[in-house]
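Topology and contacts: notes
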Amino acid sequence: AVGFSIGSAVAASLAKRRELDGLILVTPFDSLKAVAEGYYPWLPVGTLFRHEMNAAESLEGSDVPVALIAGERDDLIPAARTAALRGRVPNLVFDRTIAGAGHNDIYQRPGLRLAMREALSAIIR
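Before going into details, it helps to say that this report is about the structure given with it. Every chain's residues receive numbers from 1 upward, in the order its sequence appears when written. Given that this is a predicted model, residues contribute local features only at a pLDDT of at least 70 and side-chain atom pairs are listed and counted only at 80 or more, while totals for whole chains, interfaces and linings are drawn from all residues. Derived side-chain values reflect all non-hydrogen atoms in the structure, with water molecules and hydrogen atoms excluded from consideration.

So, on to the overall build of the protein. Segments assigned H or I by DSSP are reported as helices when at least four residues long, segments assigned E as strands when at least two residues long, and all are numbered from the N terminus. On a plain count of helices and strands, the protein comes out with five helices and four strands. When the elements of the protein are put in sequence order from the N terminus, they spell out β-α-β-α-α-β-α-β-α. Based on C-alpha atoms, the radius of gyration is set beside the globule rule, defined as 2.2 Å times the residue count to the power 0.38. Over its C-alpha atoms the protein spans a radius of gyration of 14 Å, differing by no more than 12% from the 14 Å that the globule rule assigns to 125 residues. Projected onto its principal axes, the C-alpha coordinates of the protein cover approximately 45 × 35 × 20 Å. Categorising residues by exposure relies on relative accessible area from a 1.4 Å probe, with only protein chains included: less than 20% of the type maximum marks a residue as buried, more than 50% marks it as exposed, and the intermediate range marks it as partly exposed. Burial status across the protein gives 43% buried among its 125 residues.

Attention now moves to the pairing of strand β4 (residues 92–98). Bridge analysis of strand β3 (residues 66–71) against β4 gives six bridges, and the strand direction is parallel. Paired with I69 across the two strands is R96, which belongs to β4. With strands facing away from the observer, any crossover in which the path from the first strand over the helix to the second runs clockwise is taken as right-handed. Once you follow β3 into helix α4 (residues 79–86) and on to β4, the crossover reads as right-handed. We call two strands paired when DSSP finds no fewer than two bridges between them.

Patch construction takes residues with relative accessible area above 30% that form no salt bridge. Like charges are linked within 9 Å, and nonpolar side chains (Val, Leu, Ile, Met, Phe, Trp, Tyr) are linked within 5 Å. Accessible surface is estimated by sampling points in the Shrake-Rupley manner with a 1.4 Å probe; for residues, cover comes only from the protein chains shown. By definition, a salt bridge exists where a carboxyl oxygen of Asp or Glu is found within 4 Å of a side-chain nitrogen of Lys or Arg. Among the surface-exposed residues, Y39, Y40, W42, L43 and L76 lie close enough to one another that they form a single nonpolar patch of about 550 Å² accessible area. Tracing the sequence through the fold places Y39 in helix α2 (residues 32–39).

Whether parallel or antiparallel, the strands of a sheet pair through hydrogen bonds between backbone atoms. The strand order across the open sheet built from four strands is β1-β2-β3-β4, with neighbouring strands paired in parallel fashion. Looking at which strands have only one partner, the edges of the open sheet turn out to be β1 (2–4) and β4. Ignoring which end each strand starts from, the neighbouring axes of this sheet average 10° apart. Of the strand pairs in this sheet, β1 and strand β2 (residues 23–26) are connected by three bridges, and their pairing is parallel. Its bridge partner being in β2, F4 is matched across the sheet by V26. Fitted lines through C-alpha atoms serve as axes, helices being fitted only where they are in contact, and the angles separating the N-to-C directions of these axes extend from 0 to 180 degrees.

Another aspect to go through is the environment of P65. Mapped onto the fold, P65 is located in the loop between α3 (55–59) and β3. The spatial distance from the C-alpha of P65 to the C-alpha of P41 is 33 Å, given a sequence separation of 24 residues. The residues contacting P65, other than those within four sequence positions of it, are D21, G22, L23, N91, V93 and I123. Whether two residues are in contact is decided by their heavy atoms, any of which lying within 4.5 Å being enough.

What follows concerns the nonpolar core. To qualify as a nonpolar core, a set must consist of buried Ala, Val, Leu, Ile, Met, Phe, Trp, Tyr and Cys residues joined through side-chain atoms within 4.5 Å. With 18 residues, the main nonpolar core has L23, L25, L59, V66, L68, L85 and V89 as its most contacted residues. Those elements that place two or more of their residues in this core are α1 (6–17), β2, α3 and β3. For this core, the element with the most residues is α1, which contributes four residues. Once residues within four sequence positions are removed from consideration, V66 is found in contact with L23, L25, L59, V89, N91, L92, V93 and F94. Listed in part, the 13 residues of the second largest apolar core include A67, A101, A115 and A119.

Attention now moves to the pattern of salt bridges. One pass over the structure, following the stated rule, counts five salt bridges. We note a salt bridge from R88 to E60, for which the minimum N-O separation is 2.5 Å. With R88 in the loop between α4 and β4 and E60 in the loop between α3 and β3, this pair connects stretches of sequence that are 28 residues apart. Using a relative accessible area of 45% as the deciding quantity, one classes E60 as partly exposed. Between D95 and R86 there is a salt bridge, with its nearest N and O atoms 2.5 Å apart. Residue classification places D95 among the partly exposed residues on the basis of a relative accessible area of 35%.

So, to be careful, I would describe these as geometric facts and stop short of saying anything about function.
Put into structure tokens, the structure is as follows:
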């Protein structure tokens, strides 16, 4: 499965529910609630979440190979949120940060295509 941005949490949730050969998560985060709380630390945003999207929790105890691809200049997902996920992935087989890439322009970067190919190769190994 491949998940982009908010879809990375959706894809990660499949690790518990289905048998997967691997996951490629692009511009991922550990917890959507943690991202929101980082933007609005003075508001109780956690209480507004009916359904938390927590990729880190979804991957706990999973042996699914995971590849992470992030943008160096992601202006939506703070690097700390991607780092928090990185530290909790049990079977991280590939980790790449695309130089100069932001959250939305990462898709136009030539490095993304190469990283996707390399991530897939790492998962298949």
